[in-house]
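Observations on chain architecture
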Amino acid sequence: MKKISGFYLLPVLVLLAVSSCKKSFNDDTINNNLPNNVSSSLLLTGVLTNMVDLPDGATTSNTQNAMVYPNSSNKDEIWGQYYIYNYDYYGNNTYDFDSGADYYTTLTNVIAMESQATASGGAAVNPYEAMGKFFRAYFFSKMSLERGDIPMSQALQGLKNLTPAYDTQKAVMIQCLAWLESANSDLAQLIANPSVGGTGLGATLGGDIFYNNSLTQWQKVVNTFRIRLLIELSKQSADPDLNVPAQFAKILANPTTYPLLQNSNDNLQYTFIASINTNYYPQYPDIFGQSGSRQNMSQTYVKLADNLNDPRVYAVAEPSRYEVDTLHNSPTAFSSFVGADPGLDLGTMYNNAGLQRYSFINRKRYYSTYTGEPSIQIGYPELMFNIAEGINRGWAAGNAETYYVAGIQASMASYGIPTSGTYAAYFYHPPAGSTTGVTDAGNYQEFNIPINWSTYYAQPSVQYTPDANGLTAILQQKYLAMFRHSGLEAYFNYRRTGVPNFTTGPGTDNGQRIAMRFQYPLSDRSGNTVNYQKALASQYGGNDDINGIMWILK
């Protein structure tokens, strides 16, 4: 056996000690058991997950922990007056807007995704770069729609600029529309010739949880979202710098250059998976006992559906048990569906809910399974109504009625409601003594309801006319179609148009007003004070007022 002398070992130890002193702190803190960079595809998955707005205030990170107790930043359906709380332990119906969504961290990951794509073989035009432009438009426009002016052109610079100036809302919208135009062009190049994207991992899209990495599908989404954003700008459509009507008409007139969603199969939607217990639909059997009666339908939605004799109410709601069991009215009569006024004091609403005077959300559809329904983020029915609205406003030539009808029929079809035939409606009504729950088919009453599209559409309140009444009809149908979908879009549309009528009262607080905007994040107030105060002075008289009117609404 060889002998190792201490004489030779000592210099080696000294050499190691000296070399270790030259290491930086970063070298010493690197954990070689963890990855030190993340692939573009993995970053894309995270960004896509962060863009999702789920029903009932749920989050995609852990739906079970967030779905029952949504925080004040995530009451999209409450603020859209679709359904409302009747018990303040679980939540309330106040328009208590705080800072809303903050996507700057997500946008930082977008930059990292683009950088990693370039480092791994992506060319100047590559799938991640094109998607990055869409994400910028999506996230910046959403934050601006919530707050007004926001940091954009100087944002995302890290330590280089910790106090970015605020861009005006107009500048934000102009830039977002430009990004969408560029994203569409880049995607068209990549679809026509994939080799344009370069070589290696950065040249091929991966990690797409929605469309299985189909650039063709994403190009449709980009242009469909652009139509939405143009509609959001309707009050500023005469601004020559925006040129909203011309942009709208150009997209509509060039379907090959600007492809749009073709049917509901193209929807950008989040699908729930029963086998993953953090991916359940926000309402599911296990929590039915604690939350199934803590919310009831809102009068805003139910009254509109009742007035239109709209069969979608059978799919999303149940008749008031007081109307059926006590007053002996038909469970399929539209008058048996009763929503609560969102402005009611919660104590009054709680008492009425306990007496079963209100309709609850349809338990068969939303509580009896772990998957519910896909959560649409950008959908075909909305697109049809947006196109109909643009044509009604005179932005482009076309038959608004054709798009209007397509939107209604697509929305009804999503619930399985036929244009002709019968619809099977299920209402939760356990027999006396039942000890089983919401998953037991024996606890539901089934009703086969005759459906006739021609009869429905013949109603003057439904049929389209090319005038102001027609625009109201479009907006009402769009509101019905967005039940449980598309985040704050129903609220944004009300704020922009006043349709449908949102009611207020003690229960909505805020001086019985619908809030018009979200506040800026606390980080802006404390870490970017000078620019924050300038933004408030130029927009809202120096106050971070949730009732202030932003530029897009003037």
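Our subject is the structure that appears above.
Reference entry: report on the structure contained in this document. (Residues numbered from 1 in each chain as written. Predicted model: local features only at pLDDT ≥ 70, side-chain atom pairs only at ≥ 80, totals over all residues. Heavy atoms only, no water.)

A few words on the packing of aromatic side chains. Summed over all chains, the structure comprises 51 aromatic pairs. Seen from their ring centres, Phe272 and Tyr281 are 5.1 Å apart, and the 75° between their planes marks the pair as edge-to-face. For Phe272, a relative accessible area of 5% gives the class buried. On the basis of an interplanar angle of 50° and a centroid distance of 6.3 Å, the ring pair of Tyr404 and Tyr457 is categorised as tilted. Remark: Tyr457 occurs in helix H19 (residues 453-457) and Tyr404 occurs in helix H18 (residues 400-414); sequence separation between them is 53 residues. Each member of the aromatic cluster is reached from another via a ring pair, and the members are Tyr82, Tyr270, Phe272, Tyr281, Tyr301, Tyr366, Tyr479, Phe483, Tyr494 and Phe502. The ring of Tyr426 is capped by Lys364, whose NZ or CZ atom sits 5.2 Å from the centre of that ring. The ring of Tyr444 has Lys364 lying over it, and the distance from NZ or CZ to the ring centre is 5.3 Å. (Phe/Tyr/Trp six-rings, centres within 6.5 Å; stacked < 30°, edge-to-face > 60°. Buried < 20%, exposed > 50% of the residue type's maximum accessible area, 1.4 Å probe, protein only. Helix = DSSP H or I, 4+ residues; strand = E, 2+ residues; numbered from the N terminus. Lys NZ or Arg CZ within 6 Å of the ring centre and 35° of its normal.)

Among the nine residues that make up helix H21 (residues 489-497), eight are buried, leaving the element largely enclosed by the rest of the structure. Buried within H21 we find Glu489, Ala490, Tyr491, Phe492, Asn493, Tyr494, Arg495 and Arg496. Structurally, H21 contributes buried residues whose contacts are with helix H5 (76-79), helix H7 (127-147), helix H9 (215-232), helix H17 (380-392) and helix H20 (468-481). Where H21 terminates, the next one or two residues include Gly498, which has phi positive at roughly 80°. (Contact = heavy atoms within 4.5 Å.)

What follows is about the packing of helix H8 (residues 169-192) against H9. Between H8 and H9, the shortest axis-to-axis distance is 9 Å and the interhelical angle comes to 160°. One finds that H8 runs roughly antiparallel with respect to H9. Taken as a pair, H8 and H9 cross one another with a handedness that is left-handed. When H8 is examined against H9, the residues Met173, Cys176, Leu177, Leu180, Glu181, Ala183, Asn184, Leu187, Ala188, Leu190 and Ile191 are found in contact with a partner set consisting of Leu215, Thr216, Trp218, Gln219, Val222, Asn223, Phe225, Arg226, Leu229 and Leu230. Tallied by class, residues from the contact of H8 with H9 come to 15 nonpolar, four polar and two charged. (Axes fitted to C-alpha atoms, helices over the stretch in contact; angles between N-to-C directions. Parallel < 35°, antiparallel > 145°, perpendicular 65-115°, else oblique. Left-handed = near helix turned anticlockwise from the far one by under 90°. Nonpolar A, V, L, I, M, F, W, Y, C, P; charged D, E, K, R; others polar.)

Core analysis: the biggest nonpolar cluster contains 147 residues, and Phe134, Phe135, Phe140, Trp218, Tyr301 and Tyr404 have the highest contact counts within it. It is H7 that contributes the most residues to this core, eleven residues altogether. Residues in contact with Phe134, not counting those within four places in the same chain, are Met51, Leu180, Ala183, Trp218, Val221, Val222, Phe225 and Ile378. By size, the runner-up hydrophobic cluster in this structure holds six residues, among which are Ile84, Ala340, Met349 and Tyr358. (Core = buried A, V, L, I, M, F, W, Y, C linked by side-chain atoms within 4.5 Å.)

Counting across every chain of the model gives 20 salt bridges. Note that Glu77 is salt-bridged to Arg484, the shortest N-O span being 2.7 Å. Linking Glu77 in helix H5 with Arg484 in the loop between H20 and H21, this pair joins segments that are 407 residues apart in sequence. Neither residue differs from the other here; Glu77 and Arg484 are each classed as buried. (Salt bridge = Lys/Arg side-chain N within 4 Å of Asp/Glu carboxyl O.)

Let us now look at H7. Between its first and last C-alpha atoms H7 spans 30 Å; for 21 residues at 1.5 Å apiece the expected length is 30 Å, and the two agree. A large share of H7 lies buried, amounting to 21 of its 21 residues. With a side-chain oxygen positioned 2.9 Å from the backbone nitrogen of Tyr128, the residue opening H7 is Asn126. Gly148 sits one or two positions beyond H7 and adopts a positive phi of about 115°. (Expected span 1.5 Å × (residues − 1). Polar contact = N/O pair within 3.5 Å; in protein donor to acceptor, adjacent residues only side chain to side chain.)

A word on the environment of Tyr138. Positionally, Tyr138 belongs in helix H7. Here Tyr138 falls in the buried class, since its relative accessible area comes to 5%. Taking the C-alpha atoms as reference points, Tyr138 and Cys176, 38 residues apart in sequence, are found 7.7 Å from one another. If we ignore the near neighbours within four places in the chain, the residues touching Tyr138 are Met51, Asp53, Phe225 and Ile378.

Nothing here speaks to function; it is all geometry.
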